[in-house]
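# An overview of the molecular structure
Below, each chain spelled out in residue letters.
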Amino acid sequence: MPKQTKQQQRVGELDREKLYTVTDALSTLRQYKRKFDETVEVAMNLGVDPRHADQMVRGMVSLPSGTGKDVRVAVFARGDNAQKALDAGADKVGAEDLMEDMQAGNLDYDRVIATPDMMGVVGRLGKVLGPKGLMPNPKLGTVTPNVAQAVKDAKGGQVEFRVEKQGIIHSGIGKLSFSDDALLANFKALTEAVVRSKPSGSKGKYVRKVTLTSSMGPGLKVDLAEVEGA
């Protein structure tokens, strides 16, 4: 059996059933930080079965402290809208040329935005963008005539959350180098948005467990009293 590292031994000594405040959890994660700036992640176990349409949980939320990562944005637009998207900081803007580029496998983007008139072109990319969760969607604000604002939102810390098959939402809320206040603000913004998105088909307890972790750190259970409306 491989010998455990000191880090693994320390993690193994943690009380897995202890409930933390967000501030205490962040303090504990910093004790286990590595040499790179790790992402702080939230996992929310929800009382939903996303196989049923009336139990799907999905939405967008703007994290007030940003994400700490460079978000790459592609925009489908023509004419003035294309120029507005570029001026707002989009990494790639185009129409049929962008579609062909994506069909060729160039999909290094975190967000894809489109003006409504471009959906005929974007629709041909359903099998390419759909599995990656990149398909523009009017409900998420990624199909919009106001591409400049959509690009600014994406670049400024707006993240998408979507429940997985097991009823769990995973989302990064910033970097371990962020201050406690910055991460706490992002945590509250995310969890409150998920609580507000409770679907009509969810019965019983909605938020069942919340865990805070970092890229290489242990998973710490957060006291549900920290989650607004849980």
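Residues numbered from 1 in each chain as written. Predicted model: local features only at pLDDT ≥ 70, side-chain atom pairs only at ≥ 80, totals over all residues. Heavy atoms only, no water.

Turning our attention to the overall build of the chain. For the chain, the count of helices and strands is eight helices and ten strands. The 230 residues of the chain split such that 46% are buried. Relative to all contacts within the chain whose residues are 6 or more apart in sequence, the contacts with residues 24 or more apart total 72%. For the chain, the computed accessible surface area is about 12,100 Å², with 47% contributed by carbon and sulfur atoms. (Helix = DSSP H or I, 4+ residues; strand = E, 2+ residues; numbered from the N terminus. Buried < 20%, exposed > 50% of the residue type's maximum accessible area, 1.4 Å probe, protein only. Contact = heavy atoms within 4.5 Å. Areas by Shrake-Rupley, 256 points an atom, 1.4 Å probe, with all protein chains shown as cover.)

Let us look at the sheet that holds strand S8 (residues 168-175). The strands that make up a sheet are held in pairs by hydrogen bonds between backbone atoms, and each pair lies either parallel or antiparallel. Taking strand neighbours across the sheet as the criterion, the five strands line up as S1-S10-S9-S2-S8 in an open arrangement whose pairing is mixed. The open sheet has two free edges, formed respectively by strand S1 (19-20) and S8, since each of these has just one partner strand. Where strand S2 (residues 39-46) lies against strand S9 (residues 207-214), seven bridges are found, and the strand directions are antiparallel. Counterpart to Asn45 in the pairing with S9 is Lys209. Packing of helix H2 (residues 22-31) onto the sheet brings it into contact with S1, S2, S9 and strand S10 (220-222), and relative to S9 it is tilted by some 30°. The strands touched by helix H8 (residues 180-196) are S2, S8, S9 and S10; relative to S8, the strand with the most contacts, the crossing angle is about 155°. (Pairing = 2+ DSSP bridges. Axes fitted to C-alpha atoms, helices over the stretch in contact; angles between N-to-C directions.)

Relative to each other, H2 and H8 sit at 125°, their axes nearing to 10 Å. Put simply, H2 runs oblique to H8. Crossing handedness for the pair H2 and H8: right-handed. Counted together, Val22, Thr23, Leu26 and Arg30 of H2 and Asp180, Leu183, Leu184 and Phe187 of H8 form the full contact between these two elements. Taken together, the residues of the contact of H2 with H8 break down into five nonpolar, one polar and two charged. (Parallel < 35°, antiparallel > 145°, perpendicular 65-115°, else oblique. Left-handed = near helix turned anticlockwise from the far one by under 90°. Nonpolar A, V, L, I, M, F, W, Y, C, P; charged D, E, K, R; others polar.)

In short, the description is geometric, and any link to function would need to be established separately.
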